[in-house]
Amino acid sequence: MAAPQTPSHQQATADNASDGVPADYEAWRQGRWEEIAGANGKAKVVTNGKITDRDPHTLPGVPGEWSTNEAGALIVTAKAADGVTIDGTTVDGTAEVPSGCSLEFPKDMVGFAGGSYGLVVMDHDAVERSGLSGIDTFPYDPTWVFEGQYRAAPEGRRIEVGRLTTPRSTEAILAPVDLVVTINCTEYVLAVLQDFPGQRLMIFTDETNGAETHWRSATGRPPAPSAPRQPRSGTTTARARRRSRRTSRG
């Protein structure tokens, strides 16, 4: 039997520690890996089902038909042979799926109902089967460390954002501030989304996306603008140094 190997993301962290890479940058990268491949990592998600109406929906790789009732609660219709269980009880007919309940499916898949998606199904063996062992990036480069400013946006601003659901959907997400960064004398303005209270998300792309790189996002907990009731004058300084020049799946 071959000796176990150190996962590439852990080896990279150890190597970078001796190369002068800031500790908080490495901590952020480790957190990003946990977000993707941790206990409830995104790489383990089989489907995000957006179930919002009473018409039955089928989801790729997930047994049963899914819809909502008059009260908006999630409903599943399945045969006992489909292997759908709710809190340990096998569904044989039509049953309501309470928010936060335990869902189980064949092939050791699990799921939960509620939140923005309606139904999330996960396969905890997906990361191992895929061979995913890390997130590739170019080496840390201090020349990609910039000072940015958070500027308040008009109160109540929302931006339509596409959701990777089945079927595809969009959602108007609160965007309370912009992040302004100057790179090579060019000013870039990124809308900062607040998907959940206390957590803000920036999505940015460049001309290499879809070819040698993937789209990129960054999350954080930036402070609120100093003058939230005066959107055009309130600013907050923040350091943006978590610029990943390349992100891909291994």
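Here, every reference points to the structure presented above.
Residues numbered from 1 in each chain as written. Predicted model: local features only at pLDDT ≥ 70, side-chain atom pairs only at ≥ 80, totals over all residues. Heavy atoms only, no water.

Quick look at the packing of aromatic side chains
Right, so step 1: Inspection of the entire model under this criterion finds 4 aromatic pairs.
Right, so step 2: Ring geometry for Tyr25 versus Trp28: centroids 6.2 Å apart, planes at 35°, classification tilted. Taken together, the residues Tyr25 and Trp28, both in helix α2 (residues 23-37) and 3 residues apart, mark about one turn of the helix. One exposure class covers both Tyr25 and Trp28, and it is buried.
Right, so step 3: Grouped by ring-pair contacts, the aromatic residues Tyr25, Trp28 and Tyr140 constitute a single cluster. (Phe/Tyr/Trp six-rings, centres within 6.5 Å; stacked < 30°, edge-to-face > 60°. Helix = DSSP H or I, 4+ residues; strand = E, 2+ residues; numbered from the N terminus. Buried < 20%, exposed > 50% of the residue type's maximum accessible area, 1.4 Å probe, protein only.)

Here we look at unusual backbone geometry
Negative phi values dominate among residues other than glycine, just as trans dominates among peptide bonds.
Right, so step 1: Unlike most non-glycine residues, Asp87 shows phi in positive territory, near 50°.
Right, so step 2: With respect to the helices and strands, the residue Asp87 is situated in the loop between β5 (85-86) and β6 (89-90).
Right, so step 3: Backbone geometry at Cys185 places phi at a positive 70°, although glycine is not the residue there.
Right, so step 4: Judged by its relative accessible area of 80%, Cys185 falls in the exposed class.

Quick look at the pairing of strand β9 (residues 109-114)
Right, so step 1: Side chains Met109, Gly111 and Ala113 project from β9 onto a buried face, and the interleaved Val110, Phe112 and Gly114 project onto a face without burial.
Right, so step 2: Here strand β8 (residues 103-105) pairs with β9 via 3 bridges, running antiparallel. In the sheet register, Leu103 faces β9, and the bridge partner there is Gly111.
Right, so step 3: The turn joining β8 and β9, which pair antiparallel and follow one another in sequence, is formed by 3 residues; a positive phi near 65° is taken by Lys107. (Pairing = 2+ DSSP bridges.)

A look at the pattern of salt bridges
Right, so step 1: This model, assessed by the stated rule, comprises 6 salt bridges.
Right, so step 2: Of the charged contacts in the structure, one is a salt bridge between Glu187 and Arg151, with a shortest N-O distance of 3.8 Å. Taken together, the positions of Glu187 in strand β16 (residues 186-196) and Arg151 in strand β12 (residues 146-152) put the pair 36 residues apart, joining distant regions of the chain.
Right, so step 3: Several salt bridges share partner residues, and in doing so they unite Arg32, Glu35 and Lys42 into one network. (Salt bridge = Lys/Arg side-chain N within 4 Å of Asp/Glu carboxyl O.)

Describing the sheet that holds strand β7 (residues 93-97)
Right, so step 1: Spatially, the 4 strands line up as an open sheet ordered β2-β3-β4-β7, and their pairing is antiparallel. Strands with a single pairing partner mark the edges of an open sheet, and in this sheet they are β2 (57-59) and β7. Within the sheet, the average angular offset between the axes of one strand and its neighbour, ignoring direction, is 35°.
Right, so step 2: As judged from the 4 bridges shared by strand β3 (residues 62-68) and strand β4 (residues 74-78), these two strands associate in the antiparallel manner. Among the inter-strand pairings, Ser67 is bridged to a residue of β4, identified as Ile75. (Axes fitted to C-alpha atoms, helices over the stretch in contact; angles between N-to-C directions.)

Overview of the nonpolar core
Right, so step 1: Trp66, Leu74, Ile86, Val97, Leu103, Phe105 and Leu119 are the most contacted members of the largest nonpolar core, which has 18 residues in total.
Right, so step 2: Going through the elements one at a time, β3, β4, β8, β9 and β10 (118-123) are the ones with two or more residues in this core.
Right, so step 3: Per-element accounting of this core gives the leading share, 3 residues, to β4.
Right, so step 4: Apart from the residues lying within four places of it in its own chain, the contact partners of Leu119 are Thr47, Asn48, Gly49, Leu59, Trp66, Leu74, Leu103 and Phe112.
Right, so step 5: Among the nonpolar cores identified, the runner-up in size contains 8 residues, and Phe146, Tyr150, Val177 and Leu179 belong to it. (Core = buried A, V, L, I, M, F, W, Y, C linked by side-chain atoms within 4.5 Å. Contact = heavy atoms within 4.5 Å.)

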